[in-house]
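Okay, here's what each chain looks like letter by letter:
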Amino acid sequence: MQPARPPHSLQGTRLLITGAAGGIGSAAARLCSALGAELILTDLQVTPELDRLASSLKGVMTVQACDVTQRSQVEALVHSQGEISALIDTAGICPYDDDWLSPDWNEKAFEKVMQVNLLGPINWARALLPGMIERQQGRMAFCGSVAGWMGGVRAGPHYAASKGGVHALVRWLAQRGTPHNVMVNGVAPGVIDTGMTSGHGYQAHTQPMKRLGQADEIAHVLSFLVSPGASFMAGCILDANGGILMR
Ligand SMILES: NC(=O)c1ccc[n+]([C@@H]2O[C@H](COP(=O)([O-])OP(=O)(O)OC[C@H]3O[C@@H](n4cnc5c(N)ncnc54)[C@H](O)[C@@H]3O)[C@@H](O)[C@H]2O)c1
């Protein structure tokens, strides 16, 4: 008899990871490669670092540039890759311009954040969901944020609103995907030590665990959400915040 496949194995999963050059996205790529996934990696640009990461990992099918705000680019990438069985979406921006009373703060900043953080996930879901429904199988995991629950401390109102929007979108998508075995979930990280937070005054001693989170600690949650182990989870936003918010 064949030994049962471990529930967190990603053997046989064709997984698209966005924001793959970023802190959490690159950690997810490393982990999911180790778990056996075939990987399609994408970010705004294919930097030399992303290229190096891709060549160092097993299972990378392709690495491609794609601007998540551009529906045509997202669709072109998805349609060029054949069947994609899972998505981990980590692309995001956090401009830290929370001085919204300043005359310089304008709708352009709001629109940019919404386009990347909220229209981006919509673009991916719009391109992927119909095929997943047709195959009656799929997984999507999105990055919300603790800011989407409690408002950002340092991040601006647009960022907090965009992440609250991601939490709602996960549920909207889960309602449509779940009857077809397309399971859509998300993670709400606390303060994670990546390029997004570095140099913005987050201090370890203010955190309940006296440290910031590590990108790997979010990658673990994301890889679980696209694994067979999460087969009965739908519309969940898992908190991984080091105890900064307990609900
Ligand atoms: N770091 C944290 O503390 C934290 C906390 C909560 C939520 N998050 C969320 O986790 C996700 C990953 O964050 P991170 O910390 O790894 O940040 P990061 O800045 O290291 O990575 C984000 C990646 O998104 C990419 N990106 C930005 N705009 C894009 C676009 N238009 N098209 C394609 N790619 C684009 C960037 O190039 C970058 O590689 C984000 O959605 C972020 O909002 C992070």
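Let me begin by describing the structure that accompanies this report. (Residues numbered from 1 in each chain as written. Predicted model: local features only at pLDDT ≥ 70, side-chain atom pairs only at ≥ 80, totals over all residues. Heavy atoms only, no water.)

1. Some words on the layout of surface pockets
By volume, the second largest pocket amounts to about 220 Å³. In terms of lining residues, the second largest pocket is bounded by Arg-5, Gln-11, Gly-12, Thr-13, Ser-85, Ala-86, Gln-137, Arg-139, Asn-181, Val-226, Ser-227 and Pro-228. In the lining of the second largest pocket, the residues fall into 3 nonpolar, 7 polar and 2 charged. (1 Å grid on protein atoms, 1.4 Å probe; cavity = no way out; pocket = protein on both sides within 12 Å on 5 of 7 lines; lining within 4 Å. Points joined across faces, edges and corners; volume = space filled by probe spheres on them. Nonpolar A, V, L, I, M, F, W, Y, C, P; charged D, E, K, R; others polar.)

2. Some remarks on empty space enclosed by the protein
By the definition in use, this model includes 1 cavity of 30 Å³ or more. Here the largest cavity is characterised by a volume of approximately 40 Å³. Lining the largest cavity are Asp-89, Ala-91, Asn-117, Pro-121, Phe-142, Cys-143, Lys-163 and Val-166. Within the residue set of the lining of the largest cavity, elements represented by two or more residues are α4 (107-135), β5 (138-143) and α6 (157-177). In terms of residue class, the lining of the largest cavity is built from 5 nonpolar, 1 polar and 2 charged. (Helix = DSSP H or I, 4+ residues; strand = E, 2+ residues; numbered from the N terminus.)

3. Things to note about the packing of α4 against α6
Where α4 contacts α6, the two axes come as close as 9 Å, and the packing angle between them is 15°. Relative to α6, α4 is oriented roughly parallel. In the crossing of α4 with α6, the sense of the turn from one axis to the other is right-handed. From α4, Ala-109, Phe-110, Val-113, Met-114, Asn-117, Leu-118, Pro-121, Ile-122, Ala-125, Leu-129 and Ile-133 reach across to α6, where they touch His-158, Tyr-159, Ala-161, Ser-162, Lys-163, Gly-165, Val-166, Leu-169, Leu-173, Arg-176 and Gly-177. Looking at the contact of α4 with α6, its residues break down into 15 nonpolar, 5 polar and 2 charged. (Axes fitted to C-alpha atoms, helices over the stretch in contact; angles between N-to-C directions. Parallel < 35°, antiparallel > 145°, perpendicular 65-115°, else oblique. Left-handed = near helix turned anticlockwise from the far one by under 90°. Contact = heavy atoms within 4.5 Å.)

4. A word on the site of the ligand
Taken together, 27 residues are adjacent to the ligand, and Ile-24, Asp-43, Tyr-159, Ile-192 and Thr-194 come closest. For the ligand, an oxygen atom lies 2.8 Å from a polar atom in the backbone of Gly-23. Between Lys-163 and the ligand, the recorded distance is 2.9 Å, taken from a side-chain N or O atom to an oxygen atom. If you list the elements that add at least two residues to the shell around the ligand, you get α1 (23-34) and α6. A breakdown of the residues in the shell around the ligand according to their chemical character gives 14 nonpolar, 10 polar and 3 charged. (Near = heavy atom within 4 Å. Polar contact = N/O pair within 3.5 Å; in protein donor to acceptor, adjacent residues only side chain to side chain.)

5. Notes on the sheet that holds strand β1 (residues 14-18)
One open sheet accounts for 7 strands, arranged β3-β2-β1-β4-β5-β6-β7; its pairing is parallel. Lying at the two open borders of the sheet, with one neighbouring strand each, are β3 (60-65) and β7 (237-240). Adjacent strand axes in the sheet meet at a mean angle of 15° when their direction is disregarded. Pairing between β5 and strand β6 (residues 182-189): 6 bridges, direction parallel. Looking at the pairing, Ala-141 lines up with Asn-185 of β6. Along the sheet, helix α2 (residues 48-56) makes contact with β2 (38-43) and β3, crossing β3 at roughly 170°. Packing against the sheet, α6 makes contact with β5, β6 and β7, and its axis sits at approximately 165° to β6. (Pairing = 2+ DSSP bridges.)

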